[in-house]
Amino acid sequence: MLRGYPSRVLTLSFLAIGAGFPLAALVARRRSAKTLWILTGLMIVAVFGLALSLATHWAGNRLVDSQGYAQTALGIVRLALVLFVFPIVATAATVAVLGNAVDQWFAYPVAVAVTALSLFVGLNAMFWLAYSFR
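Now for a look at the structure at hand.

Parameters at a glance
- Residues numbered from 1 in each chain as written.
- Predicted model: local features only at pLDDT ≥ 70, side-chain atom pairs only at ≥ 80, totals over all residues.
- Heavy atoms only, no water.
- Helix = DSSP H or I, 4+ residues; strand = E, 2+ residues; numbered from the N terminus.
- Buried < 20%, exposed > 50% of the residue type's maximum accessible area, 1.4 Å probe, protein only.
- Contact = heavy atoms within 4.5 Å.
- Areas by Shrake-Rupley, 256 points an atom, 1.4 Å probe, with all protein chains shown as cover.
- Polar contact = N/O pair within 3.5 Å; in protein donor to acceptor, adjacent residues only side chain to side chain.

It is worth spelling out the overall build of the chain at this point. Scanning the chain for helices and strands turns up five helices and zero strands. Element order for the chain, N to C, with α for helix and β for strand: α-α-α-α-α. When the 134 residues of the chain are sorted by exposure, 34% land in the buried category. Sequence separation of 24 or more characterises 72% of the internal contacts of the chain that already satisfy a separation of 6 or more. When the accessible surface of the chain is summed, it comes to about 8000 Å², and 72% of that surface belongs to carbon and sulfur atoms.

Right, let's get into the environment of Val64. Here Val64 is to be found in helix 3 (residues 63–67). Once residues lying within four places of it in the same chain are set aside, the contact partners of Val64 are Ala55, Thr56, His57, Tyr69 and Thr72.

When you line up the elements, Asn61 lands in the loop between helix 2 (33–54) and helix 3. For Asn61, a relative accessible area of 13% corresponds to the buried category. Side-chain polar atoms of Asn61 contact the backbone oxygen of Leu54, separated by 3.2 Å. In this structure the side chain of Asn61 is engaged in a polar contact, spanning 3.0 Å, whose partner is the backbone nitrogen of Leu63. If near-sequence neighbours (up to four positions away) are discounted, Asn61 is found in contact with Leu54, Ala55, Thr56, Thr72 and Ile76.

So this is what it looks like as structure tokens:
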């Protein structure tokens, strides 16, 4: 059993999406819009893979014993969708709209602000989803 593993993974995920993805999205957009959306798709696949791995007994999820993997994985994927995928798509859409027309020194703070705001909205949506469907 890996104690503390899920909390470390979630903390690193917040940092990677909050600070790393806006920068990676801006670099990808400088190449082309297609590269930006490929990067966005890869990040979404990585988030779903992370969610599915966090739903396992190996990652320390004790709900698997009582609820089963399918129900636990569905719940975690649903929460990952609003908590992580929403900020990724919102940031990618913002970077796509900004395009190459604005300066990089202006675009990065705007992208980070959109990511932070969408993480906040996603966190509130996650709490609402968690307590609405018992």
